[in-house]
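Next come the chains, spelled out residue by residue.
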Amino acid sequence: MPDITKIKLSGQQQLTMKEIHKPSSFEGALWAAQGITDARVIYHAPPGCYLMQHMNSICNEWHPEMYSTLISYAEVMQGTGKKLEEVLEKVVAEKPQAIIIITSPVIEITGDDVQGAVAAAGFEKTVIIRPTLGGTLADGKEKAFIALTGLMKADKEKRKKSVNLIGPTYNTFNWRADVFELKRMLSSIGICVNAVLTADCTVDEIVHAPRAELNICMYPYDCGIECAKKMQEQFSIPYTASHIPLGFRESAAWLDDIARFFLIDAKKYIAQEIKSARDFVTTLLVTNTFFESTAALSTDNCDTYSVGISSFLKRELGMDVCMASVATDEALEKVSQVCATVLLNPSIDEKKAVLLEKSPTIILGNYYDLKLATDLGFKNFQFADIPLIGYIFSETTPFMGFMGAKHLVQAMGNEIYTKIFIETKGEMEGAISAGEVPWELDAERALGRIAEMLPHFIRSIALKKIHQVADETAVQKKSSVTLGILQEVATKYTPTRFKSKYATIFTDIKDTPLVPDGAEQTVFQMEWDQSAKEMLEMVPDEFVAKAVRETEGYARENNYNQITTAVVDEYRKKLGF
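All of the points below concern the structure found in this document. On a predicted model such as this, the values are computed, not experimentally measured, just so you know.

1. Brief notes about the overall build of the chain
Right, on to step 1. Looking only at helices and strands, the chain features 25 helices and 17 strands.
Right, on to step 2. Residues classed as buried in the chain amount to 50% of the 577 residues present.
Right, on to step 3. Relative to all contacts within the chain whose residues are 6 or more apart in sequence, the contacts with residues 24 or more apart total 70%.
Right, on to step 4. Roughly 27,800 Å² of accessible area belongs to the chain as shown, and the carbon and sulfur atoms make up 53% of that amount.

2. Examining the packing of helix H16 (residues 348–358) against helix H17 (residues 367–376)
Right, on to step 1. In the contact formed by H16 and H17, the axes pass within 11 Å of each other and the chain directions differ by 45 degrees. Relative to H17, the element H16 lies oblique. Seen along the crossing, H16 lies across H17 with a hand that is right-handed. Across the interface between the two elements, Ile348, Lys351, Lys352, Leu355 and Leu356 from H16 touch Asp369, Leu372 and Leu376 from H17.
Right, on to step 2. Considered class by class, the residues forming the contact of H16 with H17 number five nonpolar, no polar and three charged.

3. What to know about the packing of aromatic side chains
Right, on to step 1. What the rule picks out here adds up to eleven aromatic pairs.
Right, on to step 2. On the basis of an interplanar angle of 35 degrees and a centroid distance of 6.3 Å, the ring pair of Tyr170 and Trp175 is categorised as tilted. Each member of the pair Tyr170 and Trp175 is classed as buried.
Right, on to step 3. Considering the side-chain rings of Tyr269 and Phe402, the 6.5 Å spacing of their centres and the 75 degrees angle between planes classify their relative orientation as edge-to-face. Residue Tyr269 is found in helix H12 (residues 267–281), and its partner Phe402 is found in helix H18 (residues 401–422); the two are separated by 133 residues along the sequence. An identical accessibility class is assigned to Tyr269 and Phe402; each is buried.

4. Structural notes on the sheet that holds strand E8 (residues 192–197)
Right, on to step 1. The strand order across the open sheet built from four strands is E8-E7-E9-E10, with neighbouring strands paired in parallel fashion. Only two strands of the sheet have a single neighbouring strand rather than two, namely E8 and strand E10 (239–240).
Right, on to step 2. Sheet topology note: the strand E7 (residues 162–166)/strand E9 (residues 214–217) ladder contains four bridges and is parallel. When the sheet's bridge partners are listed, Asn164 is paired in E9 with Asn215.
Right, on to step 3. Against the sheet, helix H8 (residues 175–188) engages E7 and E8, with an angle of about 155 degrees to E8.

5. Focus: the state of the cysteines
Right, on to step 1. On inspection of all chains with the given rule, the structure shows zero disulfides.
Right, on to step 2. Of all cysteine sulfurs in the structure, the one in Cys302 sits closest to Cys223, which takes part in no disulfide; the separation is 8.3 Å.
Right, on to step 3. Cys223 gets classed as buried once you look at its relative accessible area, which sits at 3%.
Right, on to step 4. Just so you know, Cys322 is unpaired, no disulfide at all, and the nearest cysteine sulfur is the one on Cys339, 7.0 Å from it.
Right, on to step 5. Under the relative-accessibility criterion, Cys322 is labelled buried at 7%.

6. Re the sheet that holds strand E14 (residues 362–365)
Right, on to step 1. In spatial order, the strands read E13-E12-E11-E14-E15; together these five strands make up an open sheet with parallel pairing. In this open sheet, the two edge strands, each paired with only one partner strand, are strand E13 (342–344) and strand E15 (381–383). The mean inter-strand angle of the sheet, taken between neighbouring strand axes irrespective of direction, is 10 degrees.
Right, on to step 2. Alignment of strand E11 (residues 294–298) against E14, held across three bridges, turns out to be parallel. Along E14, the bridge assignment pairs Ala296 with Ile363.
Right, on to step 3. Here helix H14 (residues 303–316) sits on the sheet and contacts E11, strand E12 (320–326) and E14; the angle it forms with E12, its principal contact strand, is near 175 degrees.

7. Digging into the pairing of E14
Right, on to step 1. Along E14, one buried face is formed by Ile362 and Leu364 and the opposite face, lined by Ile363 and Gly365, is buried too.
Right, on to step 2. Here three bridges tie E14 to E15, and the two strands are oriented parallel to one another. The residue bridging Ile363 from the neighbouring strand is Phe381, located in E15.
Right, on to step 3. For the crossover that starts at E14, traverses H17 and ends in the parallel E15, the hand is right-handed.

Conventions adopted
- Residues numbered from 1 in each chain as written.
- Predicted model: local features only at pLDDT ≥ 70, side-chain atom pairs only at ≥ 80, totals over all residues.
- Heavy atoms only, no water.
- Helix = DSSP H or I, 4+ residues; strand = E, 2+ residues; numbered from the N terminus.
- Buried < 20%, exposed > 50% of the residue type's maximum accessible area, 1.4 Å probe, protein only.
- Contact = heavy atoms within 4.5 Å.
- Areas by Shrake-Rupley, 256 points an atom, 1.4 Å probe, with all protein chains shown as cover.
- Axes fitted to C-alpha atoms, helices over the stretch in contact; angles between N-to-C directions.
- Parallel < 35°, antiparallel > 145°, perpendicular 65-115°, else oblique.
- Left-handed = near helix turned anticlockwise from the far one by under 90°.
- Nonpolar A, V, L, I, M, F, W, Y, C, P; charged D, E, K, R; others polar.
- Phe/Tyr/Trp six-rings, centres within 6.5 Å; stacked < 30°, edge-to-face > 60°.
- Pairing = 2+ DSSP bridges.
- Disulfide = S-S within 2.5 Å.
- Right-handed = clockwise from strand over helix to strand, strands pointing away.

What follows is the structure, encoded as structure tokens:
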């Protein structure tokens, strides 16, 4: 539940949402343990803590083998060891492959003797995980991984050309699709995955994890490295955590490093993948859509995604990453290399303020971010973090690897391209203007400023729509197209990302005189037809008066009584234009 605090506002008390729920170290440990399919997890906790996690398991359709001591407040005061012994006795009778006990914050506060209850039960394969009070989601996962090394046994023979993937757990965003893609890439160069620690793995796979020749940390900015170091020390297994396989370039570097370790020549396969990627991202539709687009990343429950995706969008797609939120100083330092505005564990209000200021084309984040984006009027959104609306949204479409990079480009491109047209509300046929409705000069100047802001690939159709509706509105009001009418139409019919900047445009137009200070006043001494006057719009404001004076001088010299487009063209040719 969000933390609610009271603040003083104009002498009154008002409730405001200060923070959304951030998963803790206890949840991180639970999600890591629950991914082991044939183990039994005991959450040593009161009913309130247990029920929240049990509901989470049911909603995600995980296997239900999670137990709880359901300790009462009286038992907390008197000691919880006996209650744990009773639950252990029942679970041991089921003869599971392993039992994993995770203590809740209450137990960590009271400091109860969990080890004593485990010794009394006498079940060999029992792992105790005691998450740190105040720890982060990543801290809890790392604690779990390190504790599970106690089940591992050194194998005399290694499984040739095999690796362990360390990091995926239940409730890690998109882990299943990412693992599938990384397995595909590794298999393509002759490498197999010995174990995935810990999502959908078995106790036997954990026991024999030391058979692998190399450990790969999938989420190096979140968790797994400390576990890999421990396995290196205990079982002499080297590890790699230097590259994040997000984006085409880093996926190639990630695979190349692993291939070099195994003395495999992967150049041909990598070249094929890179060629396919280049053919995909250099298509006109992709380049037009991402050019001039900006992205905001709110993936602070997975710093590895923050680091990897921000680099991919900026360095390979040329997007401006205008905002990113992260959970650690290490990620902040890395993301700051490609993004000028990086927030460290921001509040909802902080995110809101930056989003309104930056007006991104698309936002990548979680369910809370989607709600915030919707409230603020931003239409383009891509799920990229937890919590989200059910695991089904992240089961089959990877973000990591070569296919993951293509999927990101496809999903974001479709979101931007289609929504930006939907927001202009169709009905684009017809000429921009029949010339029957007069436009005030301020309105024409403002339309030009709007055109400068719009991406080139939708500029013509968006301006056509704005112009048509402005004409229609003016006719209904029996008026010319005024600055006020244009502002009303532009706010309604143009993409959300530009709306927050329109107020500045119209304010600037109102505050800026038609003729700059010190500029010569334009005086028409001859008759100009409408088309000739319209040609003056191409002339900078400070030179209009001079252009009028000299054009009229040329007309008199050549005995013209009126300035037409033919006269203007003739004079321009004489000047060499």
